Amino acid sequence: MKGLRILVVVGALVTPLIVGLLFTYEIIKVDWISFMEIQPSYRPMEDPLPLPQGSVPVEGPAFVPGVDWPNPVPADEVSLARGKQLYQIYCAVCHGPQGKGDGVMRAYMKASPPKDLTAQDVADKPDAALFATITNGTANMPSFRDLTPRERWDIVNYLRLLQGKLAESESGQ
Ligand code: HEC
């Protein structure tokens, strides 16, 4: 009888301990709502989550693939002056001072000449598409993602001026 009583007492003490350990070592796992892994997230090698509605990248408004982003920078005098300066620094060597595709580099790029940026098909592209080309580059054109988004939009605005798509009053020059 005494042996049985000891067994019951020991069992009563040890059972909660074992049950506790089962939870501690997650042999029995209950998904509490407070677990950090229960939230929208993605693991390595998985596609990133879709962007939350209306979110803005930390580096400022920019082009997001799949989102038809409007040009957030108005083509005012300041933007066009900045765009012109940046264009002459970064683009004119290939695309030429007026965007005609006749920069000094053209002589060295016979197989894949720089594009005439005043051509109709480029003029017809939306601002975001030009922004994406500047950001990512192309097969024979470097990427300019080191320029800030604002600078890239300034260049887009200046391309519109070269293309004659801005009204005189808007361009201010
Ligand atoms: C090293 C020469 C080079 C420089 C510098 C360069 N580009 Fe280009 N760009 C090209 C070439 C070449 C193409 C034609 C596509 C190709 O062959 O890859 C092109 C294509 C483009 C297009 C695409 C036209 C289309 O058909 O959609 C745009 C827009 C453009 N460039 C804008 C720019 C702007 C803006 C800059 C400056 C920030 C710039 N490029 C700097 C060589 C250059």
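Residues numbered from 1 in each chain as written. Predicted model: local features only at pLDDT ≥ 70, side-chain atom pairs only at ≥ 80, totals over all residues. Heavy atoms only, no water.

Peer 1: Report on the environment of Pro97, specifying residues and quantitative values.
Peer 2: By the secondary structure assignment, Pro97 is in the loop between helix H3 (92-95) and helix H4 (120-123). Sequence separation between Pro97 and Tyr87 is 10 residues; the distance between their C-alpha atoms is 8.3 Å. Filtering out sequence-adjacent residues up to four positions away, Pro97 remains in contact with Tyr87, Ala92, Asp102, Tyr158 and Leu162. (Helix = DSSP H or I, 4+ residues; strand = E, 2+ residues; numbered from the N terminus. Contact = heavy atoms within 4.5 Å.)

Peer 1: Residues and numbers for the coordination of the iron atom of the ligand, please.
Peer 2: Around a metal, the perfect tetrahedron of four donors has angles of 109.5 degrees, and the perfect octahedron of six donors has angles of 90 or 180 degrees. Surrounding the iron atom of the ligand are the protein donor atoms His95 (NE2) and Met141 (SD), which sit 1.9 to 2.2 Å from the metal. With six donor atoms in place around the iron atom of the ligand and angles of 84 to 179° between them, the coordination shape is octahedral. With His95 in helix H3 and Met141 in the loop between helix H5 (127-136) and helix H6 (149-162), this pair connects stretches of sequence that are 46 residues apart. On the basis of relative accessible area, His95 is assigned to the buried category, the value being 10%. (Donors = N, O, S within 2.8 Å, 3.2 Å for Na, K, Ca; no water. Tetrahedral: all angles 85-135°; square planar, octahedral: opposite > 155°, others 65-115°. Buried < 20%, exposed > 50% of the residue type's maximum accessible area, 1.4 Å probe, protein only.)

Peer 1: So, the side chain of Arg160: which residues are in play, and what are the values?
Peer 2: Within the secondary structure layout, Arg160 lies in helix H6. Arg160 sits in the buried class, given a relative accessible area of 7%. Discounting chain neighbours no more than four positions away, the residues touching Arg160 are Val122, Ala123, Lys125, Pro126, Asp127, Leu130, Lys165 and Leu166.

Peer 1: Can you break down the site of the ligand residue by residue, with the values?
Peer 2: Within the structure, the ligand sits among 22 residues, and Cys91, Cys94, His95, Thr138 and Met141 are positioned closest to it. One of the side-chain N or O atoms of Thr138 is found 2.4 Å from an oxygen atom in the ligand. Between Ala139 and the ligand, the recorded distance is 3.4 Å, taken from a backbone N or O atom to an oxygen atom. The cavity that encloses the ligand is the largest pocket. Those elements giving two or more residues to the shell around the ligand turn out to be H3 and H5. Examining the composition of the shell around the ligand, we find that three residues originate from one element, H5, more than from any other. (Near = heavy atom within 4 Å. Polar contact = N/O pair within 3.5 Å; in protein donor to acceptor, adjacent residues only side chain to side chain. 1 Å grid on protein atoms, 1.4 Å probe; cavity = no way out; pocket = protein on both sides within 12 Å on 5 of 7 lines; lining within 4 Å. Sits in = over half its atoms within 2 Å of the grid points.)

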